[in-house]
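Below are the chains, spelled out letter by letter.
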Amino acid sequence: MAWFLLFLAGLFEIGWAVGLKYTDGFTRLTPTILTVISMVISIALLGLAVKTLPMGTAYAVWTGIGTVGTVLLGIWLLGDPATLVRLACIGLIVAGIAGLKLAA
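Note that the structure is predicted; figures quoted are calculated from it, not measured.

A separate point is the nonpolar core. Counting 15 residues, the largest nonpolar core has Leu6, Leu46 and Leu53 as the members making the most contacts within it. Tallying contributions element by element places helix α1 (residues 2-23) first for this core, with 6 residues. Ignoring any residue separated from it by four or fewer positions in sequence, one finds Leu53 in contact with Ala2, Trp3, Leu6 and Ala58.

Here is the structure:
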């Protein structure tokens, strides 16, 4: 269950990271509210997950999920460049997440 909560926390991290782009410097009310809600949910779920998972592993996986998801949505939604080097680095992050899960 802790891994599932951590996965959800990572998804909400993606939500707030991408949401920051849409807040327009916190000048748009609805995106700002949704971004802040995503932040709170993400941190709360991470807090629940670390009750049973090692802190370092949980934090690394949480940020890894957020990083990979944010980069991929940046490419898909915002026109960020999808170079071979960027995609290879995303692959390395995914490999690191998988390795940490296997080692936990």
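Let us keep going from here.
Here the focus is the confidence of the model for the protein chain. Across the protein chain, the average pLDDT comes to 95, with 100% of residues at or above 70. Least confident of the elements in the protein chain is helix α4 (residues 84-103), whose mean pLDDT is 92; most confident is helix α2 (residues 29-49), at 97.

A separate point is the UniProt feature "transmembrane region" (unreviewed entry) in the protein chain. In the UniProt entry, the feature "transmembrane region" (unreviewed entry) is given for residues 33-50, 57-78 and 84-103. This span, residues 33-50, is 94% helix and 0% strand, and a straight line between its end C-alpha atoms measures 26 Å. Spanning residues 84-103, this segment combines 100% helix with 0% strand, and its end C-alpha atoms are found 28 Å apart.

Turning our eyes to something else, we now look at the packing of helix α3 (residues 55-78) against α4. Between two packed helices, what matters for the description is the angle formed by their axes and the separation of those axes. Running from amino to carboxyl end, α3 crosses α4 at an angle of 155°, the nearest separation of the two axes being 9 Å. Relative to α4, the element α3 lies roughly antiparallel. The handedness of the crossing between α3 and α4 is left-handed. Contacts from Thr57, Ala60, Val61, Gly64, Ile65, Thr67, Val68, Val71, Leu72 and Ile75 of α3 reach α4 at Arg86, Leu87, Ile90, Ile93, Val94, Ile97 and Leu100. When its residues are assigned to classes, the contact of α3 with α4 shows 13 nonpolar, 3 polar and 1 charged.

A separate point is a nonpolar patch on the surface. Together, Leu29, Ile33, Leu34, Ile37 and Ile41 make up an exposed nonpolar region whose accessible area comes to about 450 Å². Within the fold, Ile41 resides in helix α2. For Ile41, a relative accessible area of 30% gives the class partly exposed.

A separate point is α2. The terminal C-alpha atoms of α2 lie 30 Å apart, and with 21 residues this matches the ideal 30 Å at 1.5 Å per residue to within 8%. All of the buried residues in α2 are Pro31, Thr32, Thr35, Ser38, Ser42, Leu45, Leu46 and Ala49. Seen end-on, α2 carries its buried residues on one side only, within an arc spanning 165°. For α2, the exposed residues lying more than 90 degrees away from the buried face are Leu29, Thr30, Val40 and Ile43. Taken together, the buried residues of α2 touch α1 and α3.

Time to look at unusual backbone geometry. Phi is positive for Asp24, which is not a glycine, with a value near 55°. Mapped onto the elements of the fold, Asp24 is located in the loop between α1 and α2. Given the relative accessible area of 52%, Asp24 is considered exposed. Here the phi dihedral of Phe26 falls at roughly 65°; this positive angle occurs in a residue that is not glycine.

Reading the values: rules and limits
Residues numbered from 1 in each chain as written. Predicted model: local features only at pLDDT ≥ 70, side-chain atom pairs only at ≥ 80, totals over all residues. Heavy atoms only, no water. Core = buried A, V, L, I, M, F, W, Y, C linked by side-chain atoms within 4.5 Å. Buried < 20%, exposed > 50% of the residue type's maximum accessible area, 1.4 Å probe, protein only. Helix = DSSP H or I, 4+ residues; strand = E, 2+ residues; numbered from the N terminus. Contact = heavy atoms within 4.5 Å. pLDDT = per-residue confidence, 0-100. UniProt positions renumbered as here; feature names shortened; annotations may be inferred. Axes fitted to C-alpha atoms, helices over the stretch in contact; angles between N-to-C directions. Parallel < 35°, antiparallel > 145°, perpendicular 65-115°, else oblique. Left-handed = near helix turned anticlockwise from the far one by under 90°. Nonpolar A, V, L, I, M, F, W, Y, C, P; charged D, E, K, R; others polar. Patch = residues over 30% accessible without salt bridge, like charges linked within 9 Å, V, L, I, M, F, W, Y side chains within 5 Å. Areas by Shrake-Rupley, 256 points an atom, 1.4 Å probe, with all protein chains shown as cover. Salt bridge = Lys/Arg side-chain N within 4 Å of Asp/Glu carboxyl O. Expected span 1.5 Å × (residues − 1). Arc of directions from axis to C-beta.

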